[in-house]
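# A look at the structure
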Amino acid sequence: MSNLSADILATLEKQAIELPSWAFGNSGTRFKVFATPGTPRDPFEKIADAARVNELTGLAPSVALHIPWDLVDDFGALRAHAEGLGVSLGTINSNTFQDDDYKFGALTHEDPKVRQKAIDHHFECIDVMNATGSRDLKIWLAEGSNYPGQADMRGRQDRLHESLATIYERLSGEQRLVLEYKFFEPAFYHTDVPDWGTSYAQVAALGERAMVCLDTGHHAPGTNIEFIVMQLLRLGKLGSFDFNSRFYADDDLIVGAADPFQLFRILFEVIRGGGLNNPDVAFMLDQCHNVENKILGQIRSVLNVQEMTARALLVDADALRDAQTSGDVLAANAVFMDAFYTDVRPALAEWRESRGLPADPMRAQLDSDYQRTIEADRVGGMQAGWGA
């Protein structure tokens, strides 16, 4: 473990990455949803699969839920089930994009009855939070317009504020509202929350317990995402990450798959800005595993985040600052590249073994009977994931 100091390992030991329940369900593209053997039949089985990832990696101690996909009769029982498997229930995600009434908007709709229906859904989510002990209510809105003149963009922002304020007032204690942004899709002319600035403007108007969620796949090609990370941390408004990877748009691929160096740069700014292992900045995955095994996809994802965090922690901050202040462009860049190109995988494998974890969690899952068992037991599993 020569390239990972005791301090770095102590930092990595605290890292926690929340898994999304929907990553274990059936998902697909606009064209096809592929059913896979062993798909969970209910939220209890989704949580069991998530707990399996945590068992092998030690990195995923909580599971995010999506309402209504994860509705159950007794959330107290679901919470007890999760805790019995060594995980907790985390972020509650709302859904205002799969109802006919929301064709022209939900929290921004012209009709106050439709807006109230969407607000009531979020009240239901808060009730779930009270039962599960969850802190964060995350809101992503598939709202906007396709044609110039179709919608009153300013009026929609005003109605969005009023709706969010009503929801925010219902939160209690340490509960937070986290507003996600996405620059397009399904609306193509304008989206109501298309960028970090709009999200920031909306949550800043609500209060201290309203934050921005940054999804790494929700940006136009060429966007400097690490700059946005830096700015939101600087402003104290980065509430959570949704980690995934994109080649074209919101591809929801395994984090780090498309551009590992970008993930490294993002995590460097997280560390630089005090966001690593900060309870106010939640790390979460938001991915769909359409063609790959879902449990292995989640294992690979959390390991990718851990690996790039380890590399980012290797950046020599003093040498970097000296190069920056002296204007030595190439030396500064070399400090970055030296850390990025360091292979930390052998050290991480050895460290995992020292903690009683498999050196290679992917291989441990493949060599186990877990997948074969769930494929035999879960007949007819059709639980929803993104795109299902």
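As a reminder, the structure under discussion sits directly above these lines.
The notes below deal with the structure included here. (Residues numbered from 1 in each chain as written. Predicted model: local features only at pLDDT ≥ 70, side-chain atom pairs only at ≥ 80, totals over all residues. Heavy atoms only, no water.)

## Some points on helix H10 (residues 317-326)
Since the α-helix packs 3.6 residues into each turn, any two residues three or four apart lie on the same face. Put simply, Asp 316 is the residue that caps the front of H10, since its side-chain oxygen is 3.2 Å from the backbone nitrogen of Asp 318. Immediately beyond the C-terminal end of H10, within one or two residues, lies Gly 327, with a positive phi of roughly 75°. (Polar contact = N/O pair within 3.5 Å; in protein donor to acceptor, adjacent residues only side chain to side chain. Helix = DSSP H or I, 4+ residues; strand = E, 2+ residues; numbered from the N terminus.)

## Quick word on the sheet that holds strand S12 (residues 282-285)
Strand order in this open sheet of eight strands is S1-S4-S5-S6-S8-S10-S11-S12, and the pairing throughout is parallel. Whereas interior strands pair on both sides, the edge strands pair on one side only; in this sheet they are strand S1 (19-20) and S12. Of the pairings in the sheet, the one linking strand S6 (residues 136-139) to strand S8 (residues 176-180) comprises four bridges and is parallel in character. Its bridge partner being in S8, Leu 137 is matched across the sheet by Leu 177. Where helix H9 (residues 294-313) meets the sheet, it contacts S1 and S12, and its direction lies at approximately 145° from that of S12. (Pairing = 2+ DSSP bridges. Contact = heavy atoms within 4.5 Å. Axes fitted to C-alpha atoms, helices over the stretch in contact; angles between N-to-C directions.)

## Comments concerning the state of the cysteines
Taken as a whole and judged by the stated rule, the model has zero disulfides. Among the cysteines around Cys 125, which has no disulfide bond, Cys 213 carries the closest sulfur, lying 15 Å off. In this structure Cys 213 is not part of a disulfide, and its nearest cysteine sulfur, from Cys 288, lies 15 Å away. The class for Cys 213 is buried, based on a relative accessible area of 0%. (Disulfide = S-S within 2.5 Å. Buried < 20%, exposed > 50% of the residue type's maximum accessible area, 1.4 Å probe, protein only.)

## Remarks on the pairing of S6
Residues Asp 136 and Lys 138 point to one face of S6 and Leu 137 and Ile 139 to the other, with burial holding for every one of them. This β-α-β element, strand S5 (residues 88-93) to helix H4 (residues 112-132) to S6, shows right-handed connectivity. (Right-handed = clockwise from strand over helix to strand, strands pointing away.)

## Things to note about the layout of surface pockets
Of the pockets and cavities examined, the largest pocket occupies roughly 1300 Å³. For the largest pocket, the lining is made up of 49 residues, of which Arg 30, Trp 140, Lys 182, Glu 185 and Asp 250 are closest to its centre. When grouped by side-chain class, the residues that make up the lining of the largest pocket number 19 nonpolar, 15 polar and 15 charged. What the second largest pocket holds in volume is close to 490 Å³. If you go around the second largest pocket, you meet 25 residues; those closest to its centre are Glu 18, Ser 62, Arg 135, Pro 279 and Ala 282. (1 Å grid on protein atoms, 1.4 Å probe; cavity = no way out; pocket = protein on both sides within 12 Å on 5 of 7 lines; lining within 4 Å. Points joined across faces, edges and corners; volume = space filled by probe spheres on them. Nonpolar A, V, L, I, M, F, W, Y, C, P; charged D, E, K, R; others polar.)

## A few points about the packing of aromatic side chains
For the structure shown, the criterion picks out 13 aromatic pairs. Judged by centre distance (5.3 Å) and plane angle (65°), the ring pair of Phe 97 and Trp 140 falls under edge-to-face. One end of the pair, Phe 97, is in the loop between S5 and H4; the other, Trp 140, is in the loop between S6 and strand S7 (144-145), with 43 residues separating them in the sequence. Aromatic ring contacts, followed pair by pair, group Phe 261, Phe 264, Phe 268, Phe 336, Phe 340 and Tyr 341 into a single cluster. Its guanidinium or amino end placed over the ring of Phe 261, Arg 265 lies 4.8 Å from that ring's centre, counting from NZ or CZ. The ring of Trp 351 carries Arg 355 above its face, with NZ or CZ at 4.4 Å from the centroid. (Phe/Tyr/Trp six-rings, centres within 6.5 Å; stacked < 30°, edge-to-face > 60°. Lys NZ or Arg CZ within 6 Å of the ring centre and 35° of its normal.)

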